[in-house]
Amino acid sequence: MTKLMAIIALAGLLVCRAEGRNTQMIFNCRADNDLYSVLTKSGVKCARYDTASEAVENARPGTAVLILADGYPEKTTDIPAAVFDAAAKKNLRLFVEYPAAVPGLEIGEPQNTNWERGVVSSDEFGDTLPTLRILGIQECRYVPTSAPNPMIVVARIAGFDKAVYGIPANAQPILFEISERNLLVATTKLSSFVTGRYAPTSGWKTIWEHILTKLDPDVRVDLQWTPDVTPVYGVSEKLPSSYEKSAFDSAAKWFHDSRLLVTAQREPDIHKLLREGAEQVATPGPDAPVGDGSHGLLEGYASAIQADGNQRQRIPLRADCQAEAAMTLAMDGMINNHSNSRETARNLLDYIYFTSGMCKGGRGNPEHPAFGHIAWGDIAPGWLIANYGDDNARVLLGTMLTAACLDSDKWDEMLLRGLMANLRTTGPEGFRGDRIDMAQLEDHGWKYYEQTSRVNAAPHFESYLWACYLWAYQQTHYKPFLDKTKIGIRMTMDVYPQGWRWQDSVERSRMILCLAWLVRLEDTPEHRGWLSSVAGDLLTLQQPCGAIAEHLNDTGGAGHYWAPKSNEAYGTSETPLIQQNGDTAADQLYTTGFALIGLHEAYAATDDPMYKKAEDKLAEFLCRIQVKSAKHPYLNGAWMRAFDYGRWDYWASSGDLGWGAWSIESGWGNAWTGTVLGLRLKGTSFWDMTSHSQVIKQFDKVRKDMGNG
C-alpha cells in the first residue's frame, strides 16, 4: 500500500486518506482556502487544481470534487455548464459554493445580510446539530435561489443557540442537496469558516465533517484547527503561576496595539465622520501609527465580523472610555514602569478636561447650569448634548485612580467640579435620573433638578454616582454627598429586587460597589446585610468555571433591555446576550468587569472570605477567556462582550443594536477588568489606593464657583 501511494504521488495525484483506506477527493480552490488547509493539517492529503474543469477532468469516476468560492464575496463562482455535464457523466459527487449559475436552478444576484443568521433547517446533522440550531455565518453574502429541503438557511431569527420562534417563511437556502445529480450547493462561502470566524466552532466542525462524509462515505476525518481568535486558556487547562500578571500586561498592552488611540494625522477624518453622523470606520492596517492619547481614544470595535475576519472600529470619542482606559494604563505605568502608558494616561485625562470640547462651553462656564458636567462624548452633536450620570461617574472614578497612580493633583479641580455638578442635579431622594441634556438644564436650571422629587431604582444608572459621592464624602466630609446617597440606596434596597428596573445580573453587579463603600463609611449590620443580599444573589449565578451567568427577570427583561419577543424584534433595540435563563453566556461589557471591582472592594471593606473566593474565581475565568489572536493583534488582550462558557467559545445572541456578541468597548468592563487585575497585583483596593487624594484643597474654590459658597 505504501509503495502504491508513493507511485501515485510521484505521478502528481495526491490521495486523501481516511481511516486507513484510500479515497480520492479533488479540490478546485486556492492553496490558502480554509477547508483545504484544515484538511491537509488534519492529516488528509488531497489533489488541488486551479480550475473547475481541471478538477473534474482529473477526478476518478464516482469520487468527490469540491469547487470553492475563491472570489467571495465580490465575485460569484463561475462554473461552466460543461463542468456539470462532465461531472454527471463520471458520476462525481460535486460540492459547489456561491455559484453564479447551476443548470436547472434560477439563481439571483448576490444579497447581503445584516441581522440574519444561519439556522439548521433539517435533521441532516443529527443530535449534535439539531434542527433550529443557530449558526454564525459572519457577514454572509449569498445567491438567492429555491430549494425544497435545505439543510441550512439564513434568516432573521431570535434566540441564543436555537431559533425559539421558528424559521420564518422568507428564509433563504444556504446549503442543500440535489440528490438525483449527486450535487451539494452552498449559496455562500461555507469553506471560509476559519478566516470568516464562523461560530460556534463546534458547529462548523460538525457541518464540515458531515459534508465530507456525504461527499465520500469513506471519509471519517476528525477536523482540527485553531480559530484565529481564541481564549488564552482552555476551561480546565493548567494555569502558569504568573497568569494574572500576564493577563494584566496583555490588557494594558492592548490599548497601545488596539489602533483606537487617535493620531494627529487621523483626527481630522474622525471628526469629519462624527459630524456627519457616522459611527464606524474600517480598521487601519498593522503599520498605522499609534496615538499617545492626546487626540483621544475611539469607543471600540463593532460586533460584526467581516468576510476577512476583521472588525470595524466604533469611532465615538466617549468621555468614559478615555478615563477608564487611562486608569488601566496608569496602573501599567506604576506596576511595570512603562513610561508610554503613564504618558498616554495623562494625555487621555488632559483630552477630556482641557483639549476636547467635553468640558467646554456651558460646562466650563460657572454661570451656566451645566457647569462641571462632562459630555457623553465629543464632536458629534448627539453626544455633546448629553450628560449621563453613570458615564460621568465612570469618568470621575477613572480620574480618581489615574491621579493616584500618577501621584498627580492636576485634575483635582475638574474632578471636584464633576462631583459637585452631578450632586447638585441629584434630587432630594438621591436619584439623578438616567441623563439630563444641555437644553433641559438651560430650560430649568440646576436647582430644579436638585429640588424636584424623583425615584429611579435603576442601579445601572444611579449606583456608580453613589459610589462617587461616598468617596467624595470621605475626602471632603461634605454631608450632602453622604445624605443623598444613603436615602437613594435605602429606597433602592427597600424595593429590591422586584422594584428594580431590570432585576438582572447587570444591575446587581453595578450595585455592589456603592454598598461596599457604604460599609467603609458606616459598618452596620444593615449595610452589611444589603451588600450580602445583592452580592449573594449575584453569586448564585456564578458557575464552577467562575463565569457569572446572565439572568433575566421573570418577564424576560425590563425597560428597554428585553430579550427579543419575535424574530422581527431581533436587532432592533438594546438586548441581553441570552434569550432565556439557562443560556450559557457571560457578559464582559455589562456584568463581569463591574462584578469584579465590586467583589474586590467588598472583600476589602468586610474581610468576608465569601467575596474573596468569588472574586478569585471570577478573575481566573476572565484571565482564561481573554482574547488571544496573532492574526488580529488589535484584538489580542481584550475581552469581547460575549463568552459562552458552556461551549468555551465566543458566542451568544447578538441582537443588541449597538453592542453585539463580538463587540469590544475600550472602557466599561474591558478597562475595569484590567484595572482590578492591577489592583490585585498591587495587593490594594481602589478605596485605599485613592485615599490620599488632595481634592479637599480645591473644595472651597469649587463650592464658590458652583454658587454654593
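Residues numbered from 1 in each chain as written. Predicted model: local features only at pLDDT ≥ 70, side-chain atom pairs only at ≥ 80, totals over all residues. Heavy atoms only, no water.

> Is there a simple way to think about the overall build of the protein in this case?
Secondary structure summary: the protein contains 23 helices and 25 strands in total. Taking 27 Å as the expected radius of gyration for a compact globule of 709 residues, we find that the protein reaches 28 Å, a close match to that expectation. Overall, the protein is about 95 × 50 × 50 Å in size when its C-alpha atoms are taken along their principal axes. In the protein, which comprises 709 residues, the share counted as buried stands at 61%. Pairs at least 24 residues apart make up 73% of the contacts formed inside the protein by residues separated by at least 6 positions. Total accessible area on the protein stands at roughly 25800 Å², and carbon and sulfur atoms take up 49% of it. The protein carries 69 positive and 85 negative side-chain charges, and their two centres are separated by 3 Å. (Helix = DSSP H or I, 4+ residues; strand = E, 2+ residues; numbered from the N terminus. Rg over C-alpha atoms; globule rule 2.2 N^0.38 Å. Buried < 20%, exposed > 50% of the residue type's maximum accessible area, 1.4 Å probe, protein only. Contact = heavy atoms within 4.5 Å. Areas by Shrake-Rupley, 256 points an atom, 1.4 Å probe, with all protein chains shown as cover. Lys, Arg positive; Asp, Glu negative; His and termini not counted. Charge placed at Lys NZ, Arg CZ, Asp CG, Glu CD.)

> Would you mind going over the sheet that holds strand β13 (residues 183-186) with me for this structure?
Strand pairing in a sheet relies on backbone hydrogen bonds, with the paired strands running either antiparallel or parallel. Read from one edge of the open sheet, nine strands run β4-β3-β5-β6-β13-β12-β11-β8-β9, paired in mixed fashion. Edge positions in the sheet fall to β4 (47-49) and β9 (134-135), since each has one partner strand and no second. Direction of pairing for strand β3 (residues 25-28) relative to strand β5 (residues 64-67): parallel, over a ladder of four bridges. Counted as the bridge partner of I26 is V65 from β5. (Pairing = 2+ DSSP bridges.)

> Help me understand the packing of helix α6 (residues 243-257) against helix α8 (residues 319-336) in this model?
Two quantities define a packed helix pair, namely the angle between the helix axes and the distance between the axes. One can describe the packing of α6 onto α8 by two numbers: an axis separation of 10 Å at closest approach and a directional angle of 125 degrees. Classified by the angle their axes make, α6 and α8 are oblique. In this structure, α6 crosses over α8, and the sense of that crossing is left-handed. Across the interface between the two elements, K245, F248, D249, A252, F255 and H256 of α6 pack against A325, T328, L329, M331, D332, I335 and N336 of α8. (Axes fitted to C-alpha atoms, helices over the stretch in contact; angles between N-to-C directions. Parallel < 35°, antiparallel > 145°, perpendicular 65-115°, else oblique. Left-handed = near helix turned anticlockwise from the far one by under 90°.)

> Looking at this structure, how should I read the layout of surface pockets?
Rolled over the atoms, a probe sized like a water molecule indicates the empty space that remains. Space inside the largest pocket adds up to approximately 590 Å³. Within the residue set of the lining of the largest pocket, elements represented by two or more residues are β8 (117-120), β16 (300-305) and β17 (311-314). Counting residues per element, the lining of the largest pocket draws most heavily on β16, at four residues. Taken together, the residues that form the lining of the largest pocket break down as 10 nonpolar, 11 polar and six charged. (1 Å grid on protein atoms, 1.4 Å probe; cavity = no way out; pocket = protein on both sides within 12 Å on 5 of 7 lines; lining within 4 Å. Points joined across faces, edges and corners; volume = space filled by probe spheres on them. Nonpolar A, V, L, I, M, F, W, Y, C, P; charged D, E, K, R; others polar.)

> How do you make sense of empty space enclosed by the protein when you look at a structure like this?
Inspection of the entire model under this criterion finds three cavities of 30 Å³ or more. One number sums up the size of the largest cavity: a volume of about 170 Å³. In this structure, the largest cavity is lined by 15 residues; those nearest its centre are R197, Y198, T201, P227 and V229. Looking at the lining of the largest cavity residue by residue, the classes come out as 10 nonpolar, two polar and three charged. Every residue along the wall of the second largest cavity is listed here: Q588, L589, W639, M640, R641, S663, I664, E665, G667, G669 and N670. Breaking the lining of the second largest cavity down by element, the ones donating at least two residues are β25 (664-665) and α21 (668-682).

> Explain the pattern of salt bridges to me, please; I cannot follow it from the model alone.
One pass over the full model with this rule turns up 41 salt bridges. For the salt bridge of E526 with R490, the shortest nitrogen-to-oxygen distance reads 2.6 Å. Taken together, the residues span a long stretch of sequence, with E526 in helix α18 (residues 525-539) and R490 in helix α16 (residues 479-494) at a distance of 36 residues. Across the pair R624 and E620 runs a salt bridge, and its minimum N-O distance is 3.2 Å. Of this pair, R624 and E620 both sit in helix α20 (residues 609-625), four residues apart, which is roughly one turn of the helix. (Salt bridge = Lys/Arg side-chain N within 4 Å of Asp/Glu carboxyl O.)

> Looking at this structure, I do not really get the sheet that holds strand β15 (residues 280-281). What am I missing?
Taken in spatial order, the four strands of this open sheet run β15-β17-β16-β25, and their pairing is antiparallel. The open sheet is flanked by β15 and β25, the only strands paired with a single partner. Taken together, the two bridges between β16 and β25 define a ladder with antiparallel strand orientation. Its bridge partner being in β25, G300 is matched across the sheet by E665.

> Is there a simple way to think about the environment of Q138 in this case?
Within the secondary structure, Q138 sits in the loop between β9 and β10 (141-142). Assessed through its relative accessible area of 8%, Q138 is described here as buried. Residues Q138 and L349, spaced 211 residues apart in sequence, show a C-alpha to C-alpha distance of 37 Å. If we ignore the near neighbours within four places in the chain, the residues touching Q138 are G196, R197, Y198, A199, I305 and W662. There is a polar contact of 3.2 Å between the side chain of Q138 and the backbone oxygen of R197. (Polar contact = N/O pair within 3.5 Å; in protein donor to acceptor, adjacent residues only side chain to side chain.)

> What's the story with the nonpolar core in this structure? I'm lost.
Nonpolar side chains tend to gather and get buried jointly when the protein is soluble and globular. Counting residues in hydrophobic clusters, the biggest one holds 169 residues, and the most contacted among them are Y353, L419, W517 and F621. Looking at this core element by element, the count peaks at 11 residues for helix α15 (residues 459-476). Excluding its chain neighbours within four sequence positions, the residues that come into contact with F621 are C545, G546, A547, A586, Q588, F643, Y645 and W648. V38, L129, L135 and L215 belong to the second-largest nonpolar core, a separate cluster that totals 41 residues. (Core = buried A, V, L, I, M, F, W, Y, C linked by side-chain atoms within 4.5 Å.)

> Quick question: what am I supposed to make of the state of the cysteines here?
Two cysteines form a disulfide when their sulfur atoms are joined by a covalent bond. Applying the stated criterion across every chain, the model contains zero disulfides. Free cysteine: C321, not disulfide-bonded; nearest cysteine sulfur from C359 at 15 Å. According to the relative accessible area criterion, C321 is buried, its value standing at 0%. Of the cysteine sulfurs around C623, a residue in no disulfide, the closest is that of C545, at 13 Å. A relative accessible area of 1% means that C623 is categorised as buried. (Disulfide = S-S within 2.5 Å.)

> I would appreciate a short explanation of the packing of α18 against helix α19 (residues 592-606) in the present structure.
Closest axis-to-axis distance for the α18/α19 pair is 12 Å, and the angle between their directions is 140 degrees. Viewed along their axes, α18 and α19 adopt a mutual orientation that is oblique. As for the relative orientation of α18 and α19, their crossing is left-handed in sense. Residues R528, L531, L538 and L539 of α18 lie in contact with α19, whose contacting residues are A595, L599, A602, A605 and T606. Class assignment of the residues belonging to the contact of α18 with α19 gives a composition of seven nonpolar, one polar and one charged.

> Is there a simple way to explain the confidence of the model for the protein in this structure?
Across the protein, pLDDT averages 94, with 96% of residues at or above 70. For residues 1-21, every residue scores under 50 in pLDDT, and the model assigns this stretch 32 contacts once sequence neighbours within four places are set aside. (pLDDT = per-residue confidence, 0-100.)

> Whenever I open this one, the pairing of strand β11 (residues 152-155) confuses me. Can you help?
Two faces make up the sheet, and in a regular strand the side chains alternate between them. On β11, burial covers both faces: I152 and V154 on one face and V153 and A155 on the other are all buried. Examined bridge by bridge, β8 and β11 share four bridges and lie antiparallel to one another. Note on β11: the bridge partner recorded for G118 is V154. As paired strands, β11 and strand β12 (residues 172-178) are joined by three bridges and run antiparallel to one another. Considered in β12, the bridge of V153 is made with P173.

> Looking at this structure, I do not really get the side chain of T690. What am I missing?
One can find T690 in the loop between α22 (686-689) and α23 (699-705). At 2.9 Å, the side chain of T690 forms a polar contact with the side chain of W471. A distance of 3.3 Å separates a polar side-chain atom of T690 from the backbone oxygen of W687. Beyond its immediate sequence surroundings of up to four residues, T690 is in contact with M400, L401, A404, W471 and Q475.

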